[in-house]
Amino acid sequence: METIQTDPFAIKDCALIAIATGEKARNLRELREIIERIDPASIYYHFWGGLLRPRFDDPEYHNDFAIWVYRSLHNKALAERLAVIDPAAFDTIENLRAELLDIMEDALYQTDTPAWAERDRQFEFIRSQIVVFNPNVQVTDAAMLTRVLPTISLGSIFFHFIDARQRNRNHLDDFRFWLRSQGDSYEPLCDAIARIDPYFSSLSDLRMELLKSFVSHFSGEQRP
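The shown structure was predicted, so the numbers you read here are calculated from the model rather than taken from an experiment.

J.: Hey, could you run me through the overall build of the protein in this one?
T.: Looking only at helices and strands, the protein features ten helices and two strands. Reading the secondary structure of the protein in the N-to-C direction produces β-α-α-α-α-α-β-α-α-α-α-α. With the C-alpha coordinates of the protein rotated into their principal frame, the extents come out at 65 × 30 × 30 Å. Each of the 224 residues in the protein was classed as buried or not, and the buried ones make up 46%. Restricting the contact set of the protein to residue pairs at least 6 apart, pairs at least 24 apart contribute 72%. Taken as a whole, the protein presents about 11,600 Å² of accessible surface, with 47% of it coming from carbon and sulfur. Across the protein, 25 positive and 35 negative side-chain charges occur, with their mean positions spaced 3 Å apart.

J.: Honestly, the nonpolar core in this entry has me stumped. Any pointers?
T.: In summary, soluble globular proteins display a tendency toward joint burial of nonpolar side chains. Membership of the largest hydrophobic core comes to 65 residues, with the highest contact counts inside it found for Leu31 and Leu82. Ranked by residue count, the leading element in this core is helix α5 (residues 93-109), at eight residues. Discounting chain neighbours no more than four positions away, the residues touching Leu82 are Asn63, Phe65, Ala66, Val69, Leu100, Ile103 and Met104.

J.: How should helix α2 (residues 40-48) be read in this particular structure?
T.: Note that an α-helix has 3.6 residues per turn; residues three or four places apart therefore point the same way. Counting buried residues in α2 gives eight out of nine residues, a clear majority hidden from the surface. When we look at burial in α2, the residues that qualify are Ala41, Ser42, Ile43, Tyr44, Tyr45, His46, Phe47 and Trp48. The inward-facing, buried residues of α2 abut β1 (9-25), α1 (28-37), α3 (64-71), α5, β2 (123-139) and α7 (154-162). Regarding α2, its N-cap is Asp39, as a side-chain oxygen of that residue lies 2.7 Å from the backbone nitrogen of Ala41 further along.

J.: How do you make sense of the pattern of salt bridges when you look at a structure like this?
T.: Close approach of charged atoms lets side chains of opposite charge pair. Under the criterion given, the structure shown has eleven salt bridges. Salt-bridge contacts for Lys212 lead to Glu209; the nearest nitrogen and oxygen are separated by 3.7 Å. Taken as a pair, Lys212 and Glu209 lie in helix α10 (residues 203-218) at a separation of three residues, close to a single helical turn. Given a relative accessible area of 49%, Lys212 falls into the partly exposed group.

J.: What should I look at first to understand the side chain of Arg26 in this one?
T.: Take Arg26: it is sitting in the loop between β1 and α1. Here Arg26 sits buried without a salt bridge, and the closest side chain of opposite charge, Glu30, lies 6.2 Å off (N-O distance). If sequence neighbours within four positions are ignored, Arg26 has contacts with Trp68, Leu73, Ala115, Trp116, Ala117, Glu118, Arg119 and Gln122.

J.: Teacher, can you tell me more about unusual backbone geometry here?
T.: Most peptide bonds are trans, and most residues other than glycine sit at a negative phi. Despite not being glycine, Asn136 has its phi angle at roughly 60°, a positive value. By the element assignment, Asn136 lies in strand β2. Owing to a relative accessible area of 65%, Asn136 belongs among the exposed residues under this scheme. In this structure, His171 is a non-glycine residue whose phi angle is positive, near 55°.

J.: What is the right way to look at helix α4 (residues 76-83) in this model?
T.: Residues of α4 that are buried: Leu78, Ala79, Leu82 and Ala83. Relative to the axis of α4, the buried residues are bounded by an arc of 135° and lie together on one face.

J.: I'm lost on the packing of α1 against α5 in this one. Help?
T.: Describing two packed helices takes the angle between their axes plus the distance from one axis to the other. Put simply, α1 and α5 touch, their axes get as near as 10 Å, and they point 160° apart. Taken together, the axis directions place α1 and α5 in an arrangement best described as roughly antiparallel. Between α1 and α5 the crossing geometry is left-handed. Counting all contacts with α1, which are made through Leu28, Arg29, Leu31, Arg32, Ile35, Glu36 and Arg37, the residues of α5 involved are Arg97, Leu100, Leu101, Met104, Glu105, Ala107 and Leu108. For the contact of α1 with α5, the class distribution of residues is eight nonpolar, no polar and six charged.

J.: Looking at this structure, I do not really get the side chain of Asn63. What am I missing?
T.: The residue Asn63 is located in the loop between α2 and α3 in this model. Judged by its relative accessible area of 0%, Asn63 falls in the buried class. Here Leu82 takes part through its backbone oxygen, which lies 2.9 Å from a polar atom of the side chain of Asn63.

What counts as what
- Residues numbered from 1 in each chain as written.
- Predicted model: local features only at pLDDT ≥ 70, side-chain atom pairs only at ≥ 80, totals over all residues.
- Heavy atoms only, no water.
- Helix = DSSP H or I, 4+ residues; strand = E, 2+ residues; numbered from the N terminus.
- Buried < 20%, exposed > 50% of the residue type's maximum accessible area, 1.4 Å probe, protein only.
- Contact = heavy atoms within 4.5 Å.
- Areas by Shrake-Rupley, 256 points an atom, 1.4 Å probe, with all protein chains shown as cover.
- Lys, Arg positive; Asp, Glu negative; His and termini not counted.
- Charge placed at Lys NZ, Arg CZ, Asp CG, Glu CD.
- Core = buried A, V, L, I, M, F, W, Y, C linked by side-chain atoms within 4.5 Å.
- Polar contact = N/O pair within 3.5 Å; in protein donor to acceptor, adjacent residues only side chain to side chain.
- Salt bridge = Lys/Arg side-chain N within 4 Å of Asp/Glu carboxyl O.
- Arc of directions from axis to C-beta.
- Axes fitted to C-alpha atoms, helices over the stretch in contact; angles between N-to-C directions.
- Parallel < 35°, antiparallel > 145°, perpendicular 65-115°, else oblique.
- Left-handed = near helix turned anticlockwise from the far one by under 90°.
- Nonpolar A, V, L, I, M, F, W, Y, C, P; charged D, E, K, R; others polar.

Structural data, given as structure tokens:
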């Protein structure tokens with residue numbers, strides 16, 4: 001197999017640092033107004049941050065906005081609309097912001113008197129800052145990932161499979177970005193990775209799905 005590039009895949013680990021913004025909302029109108037101007041890193045955190053922190057709320061609601069609308073405003077219909085938003089389907093945070101605003105504007109239009117949350121159950125806007133660690137693990141060929149993937153941390157999965165989409169061209173995760181630099185023979189593997197949903201699964205499930213894709217490819221079940 002011809003190799004186009006031999007740069008190793010450097011495994012990184014990460015953590016999301018939660019930083020208070022001081023912005024709080026007690027009803028849907030306030031929530032919408034703040035979302036319209038809040039730092040994009042806050043919207044990112046409230047969609048993706050739950051993957052890296054223990055969540056004991058309602059697992060069927062996959063982002064903090066939906067959870068709060070359900071638990072504090074008791075608006076199940078709106079919570080369900082917000083819960084099905086897949087942030088991976090949006091090229092930019094600004095497009096994701098626009099979708100949030102449209103859904104909330106529609107809900108406000110249909111409601112004469114928006115519900116208020118109790119004072120101790122306000123929505124507190126948090127923004128994220130990613131901290132990257134280097135565990136000094138490098139992969140020199142794609143087959144090695146079948147051995148390395150089971151051992152890497154969930155923070156590594158987040159960094160390479162989710163956060164990478166903000167960094168790489170064409171919004172690719174690091175695995176596909178690197179594999180495509182190694183030659184065309186990995187396109188079937190890239191296609192398999194592309195079918196993995198990065199949002200509606202836990203990080204441990206994502207790690208398992210990635211491993212299955214690599215094992216399947218190198219066991220000969222996927223052919224160019």
